[in-house]
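The primary structure of each chain is shown beneath.
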Amino acid sequence: MKKHEIAVIPGDGIGKEVVPPALEVLHTIAEVHGGLSFEFTEFPWSCDYYLEHGEMMPEDGIETLQNFEAIFLGAVGNPSIVPDHVSLWGLLLKIRRNFEQSINIRPAQYFKGLRSPLTNPNDFDLIVVRENSEGEYSEIGGRIHRNENEMAIQNAVFTRKGCESAMRYAFDLAERRNKHLTSATKSNGIFHTMPFWDSVFDVVKNDYPKVETNSSHIDALAAFFVSQPEKFDVIVASNLFGDILTDIGGAVMGSIGIAPAANINLNGQYPSMFEPVHGSAPDIYGKGIANPVGQIWTAKMMLDHFNEEELGEKLLDVIQEVIADDIKTADIGGKCTTDEVSTEICNRLRALK
Ligand code: NAD
Ligand code: IPM
Ligand code: MN
């Protein structure tokens with residue numbers, strides 16, 4: 001019996017509503033499969049925890065998490081009680097950085113029965129590889145106050161190692177898929193970092209002669225994502241560009257409520273973290289209508305990480321069937337609650353036994 005010990009952080013808002021059903025789905029998979037089990041240890045680290053303790057996680061929180069094989073997280077952020085940069089840098093970004101989760105894998109693909117903003121959604125299937133530990137997300141900079149003049153400076157950090165590692169990951173993925181890689185750039189307007197990004201890409205691509213490449217400026221690329229998503233295979237992007245592109249990817253599928261993500265520690269020294277693309281959605285929290293599919297598809301990515309790809313594929317098939325049969329939450333045009341969708345997914349998984 002293979003046992004996976006997983007740290008669970010539901011976090012804030014709808015994170016607390018979509019994580020329990022996703023755990024139920026994982027338990028169901030274990031029940032159906034037999035040779036596998038999950039042990040979940042839950043941590044209440046969140047903005048509510050911050051109000052009580054003055055920090056988003058205990059001082060030894062990182063040490064505690066290090067003992068787990070993986071981290072399964074809902075969403076972090078409740079800006080009505082804790083400023084976002086405090087809550088996110090105190091928990092989500094802290095975990096990504098301490099555990100060197102330098103790659104963020106974010107797929108988007110066409111699902112039958114999903115209401116997309118596209119009039120004729122074609123059969124698209126793409127993966128964004130987002131550099132996840134540096135780039136535009138940096139703590140370097142400051143605010144300057146001089147008389148009535150005020151300004152803020154934010155430095156972006158692009159290391160050869162960081163760029164190259166994301167690019168190699170993306171090339172390897174493209175080699176196993178449709179052999180096309182797009183680099184998201186902005187070297188026409190950003191003077192230092194983006195020409196550097198392009199130059200690293202030009203060197204790395206020589207090692208992958210089978211992969212066709214192109215570079216696209218992020219503004220045009222964002223538009224192509226909406227107008228021609230079927231033209232893409234793998235896209236490699238810096239941290240912020242990848243962040244923005246993957247919300248667009250979610251919207252093009254039909255809702256960011258279904259988009260999954262995996263934060264990967266490449267050398268396996270630390271746990272990787274699995275959390276959907278969406279946030280804590282305070283506007284719908286408490287209504288029981290959050291779409292659980294993003295969190296459940298994220299569980300599928302965790303199964304892939306545990307080398308249980310076959311089970312992962314089965315789960316994705318069931319998710320797609322449930323959506324195609326119109327068992328959907330309101331964000332994708334349905335009337336079901338969070339629990340109705342996840343219960344149906346569990347029932348259909350049991351029926352596979
Ligand atoms: P958001 O993703 O929470 O919400 C954007 C819109 O999408 C909202 O209208 C919301 O209702 C909808 N939505 C999101 N997930 C949904 C789901 N599963 N089902 C149905 N609808 C869904 O983004 P935001 O409003 O910019 O951020 C809210 C909070 O979440 C902020 O504190 C932000 O910093 C945080 N956030 C956290 C993460 C994370 O922890 N990974 C990611 C993004 C945002
Ligand atoms: C995401 C989120 C985070 C990010 C925020 C909440 C810091 O938007 O995971 O996509 O920008 O990485
Ligand atoms: Mn985001």
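Reading the values: rules and limits
- Residues numbered from 1 in each chain as written.
- Chains lettered and ligands numbered in written order.
- Predicted model: local features only at pLDDT ≥ 70, side-chain atom pairs only at ≥ 80, totals over all residues.
- UniProt positions renumbered as here; feature names shortened; annotations may be inferred.
- Helix = DSSP H or I, 4+ residues; strand = E, 2+ residues; numbered from the N terminus.
- Rg over C-alpha atoms; globule rule 2.2 N^0.38 Å.
- Buried ≥ 20, exposed ≤ 12 C-beta atoms within 10 Å, placed from the backbone.
- Contact = placed C-beta atoms within 7 Å.
- Near = placed C-beta within 6 Å.
- Nonpolar A, V, L, I, M, F, W, Y, C, P; charged D, E, K, R; others polar.
- Pairing = 2+ DSSP bridges.
- Axes fitted to C-alpha atoms, helices over the stretch in contact; angles between N-to-C directions.
- Domains from an automatic or database assignment.
- Expected span 1.5 Å × (residues − 1).
- Arc of directions from axis to C-beta.
- Parallel < 35°, antiparallel > 145°, perpendicular 65-115°, else oblique.
- Left-handed = near helix turned anticlockwise from the far one by under 90°.
- Right-handed = clockwise from strand over helix to strand, strands pointing away.

The name an unreviewed UniProt entry assigns to the chain is D-malate dehydrogenase (decarboxylating), from the organism Halobacillus naozhouensis. Quoted verbatim from the Sequence similarities (unreviewed entry) heading of the UniProt record, the comment on the chain is "Belongs to the isocitrate and isopropylmalate dehydrogenases family." Database annotation for the chain, UniProt heading Catalytic activity (unreviewed entry): "(R)-malate + NAD(+) = pyruvate + CO2 + NADH".

J.: Outline the overall build of the chain, supporting the account with residue identities and numerical values.
T.: Of regular secondary structure, the chain possesses 12 helices and 12 strands. Against the globule reference of 20 Å for 353 residues, the chain gives a C-alpha radius of gyration of 20 Å, in line with a compact fold. The C-alpha extent of the chain, read off along each of the three principal axes, is 60 × 50 × 40 Å. Residues classed as buried in the chain amount to 46% of the 353 residues present. The contacts in the chain between residues at least 6 apart in sequence include a share of 74% that link residues at least 24 apart.

J.: How would you explain the site of ligand 2 if you had to name every residue and give the values?
T.: Neighbouring ligand 2 are the residues Leu88, Leu92, Leu93, Asp243, Val277 and Gly279. Taken together, the residues of the shell around ligand 2 sort by class into 4 nonpolar, 1 polar and 1 charged.

J.: Describe in detail the site of ligand 1, supporting the description with residues and values.
T.: Contacts to ligand 1 come from 23 residues, most closely from Gly77, Gly257, His278, Gly279 and Asn291. Classifying every residue of the shell around ligand 1 gives 12 nonpolar, 7 polar and 4 charged.

J.: Explain the sheet that holds strand 5 (residues 125-131) to me, and be specific about the residues and the numbers.
T.: In space, the 10 strands of this open sheet follow the order 2-1-3-12-11-4-5-10-8-9, with mixed pairing throughout. Looking at strand neighbours, the two that pair on one side only are strand 2 (36-42) and strand 9 (212-217), the edges of this open sheet. Each neighbouring strand pair of the sheet contributes to a mean axis angle of 25°, computed without reference to strand direction. Judged from the 3 bridges that link them, strand 8 (residues 180-185) and strand 10 (residues 234-237) form a sheet pairing that is parallel. In the sheet register, leucine 181 faces strand 10, and the bridge partner there is valine 234. Helix 8 (residues 218-227) rests against strand 8 and strand 9 of the sheet, and its axis sits at about 110° to strand 9. Lying over the sheet, helix 9 (residues 239-253) contacts strand 4 (103-109), strand 5, strand 8 and strand 10, oriented at roughly 155° with respect to strand 5.

J.: Outline the domain arrangement of the chain, listing residues and values.
T.: Accessible area lost upon the coming together of the parts is a frequently used measure of interface size. Domain annotation for the chain reports domain 1 (1-101 + 266-353) and domain 2 (116-253). A separation of 25 Å is found between the C-alpha centroids of domain 1 and domain 2. Facing 7 residues of domain 1, the contacting portion of domain 2 comprises 7 residues. Taken together, the residues of the side of domain 1 that touches domain 2 break down into 3 nonpolar, 1 polar and 3 charged.

J.: Account for helix 11 (residues 309-324), with residues named and values stated.
T.: Helical geometry: 3.6 residues make up each α-helical turn, so side chains three or four residues apart lie on a common side. The terminal C-alpha atoms of helix 11, which comprises 16 residues, lie 22 Å apart, in line with the 22 Å expected from a rise of 1.5 Å per residue. For helix 11, the complete set of buried residues consists of Leu311, Gly312, Leu315, Leu316, Val318, Ile319, Val322 and Ile323. End-on view of helix 11: buried residues confined to an arc of 160°, all on one side of the axis. Structural note: helix 11 exposes Glu309 and Glu310 on the side pointing more than 90 degrees away from its buried face. On its buried face, helix 11 is in contact with helix 1 (15-33), helix 10 (293-305) and helix 12 (338-351). Positive phi appears at aspartate 326, one or two residues downstream of helix 11, with a value of about 70°.

J.: How would you explain the packing of helix 6 (residues 160-176) against helix 7 (residues 193-204) if you had to name every residue and give the values?
T.: If you want to describe how two helices pack, look at the angle between their axes and the distance between the axes. Put simply, helix 6 and helix 7 touch, their axes get as near as 10 Å, and they point 50° apart. It follows that helix 6 is oblique to helix 7 by the angle criterion. Of the two possible hands of crossing, helix 6 and helix 7 adopt the one that is right-handed. Of the residues in helix 7, those touching helix 6 at Arg160, Cys163, Glu164, Met167, Arg168 and Phe171 are Trp197, Val200, Phe201 and Val204. When the residues that make up the contact of helix 6 with helix 7 are grouped by side-chain class, the tally is 7 nonpolar, no polar and 3 charged.

J.: How would you summarise the pairing of strand 8 if you had to cite specific residues and measurements?
T.: Burial analysis of strand 8 places 5 of its 6 residues in the buried class, the great majority of the element. Judged from the 6 bridges that link them, strand 8 and strand 9 form a sheet pairing that is parallel. Bridged to threonine 182 within strand 9 is asparagine 214. Following the chain from strand 8 across helix 7 to the adjacent parallel strand 9, one finds a crossover that is right-handed.

J.: Provide a residue-level description of unusual backbone geometry, including the pertinent values.
T.: The phi dihedral of asparagine 147 is positive, around 50°, even though this residue is not glycine. Note that asparagine 147 resides in the loop between strand 6 (141-146) and strand 7 (149-154). Judged by the 5 C-beta atoms lying within 10 Å of it, asparagine 147 is exposed. Of note in the backbone geometry, aspartate 326 takes a positive phi value of approximately 70° without being a glycine. Considering the arrangement of structural elements, one finds aspartate 326 in the loop between helix 11 and helix 12. On the basis of neighbour count, aspartate 326 is assigned to the exposed category, with 12 C-beta atoms found within 10 Å.

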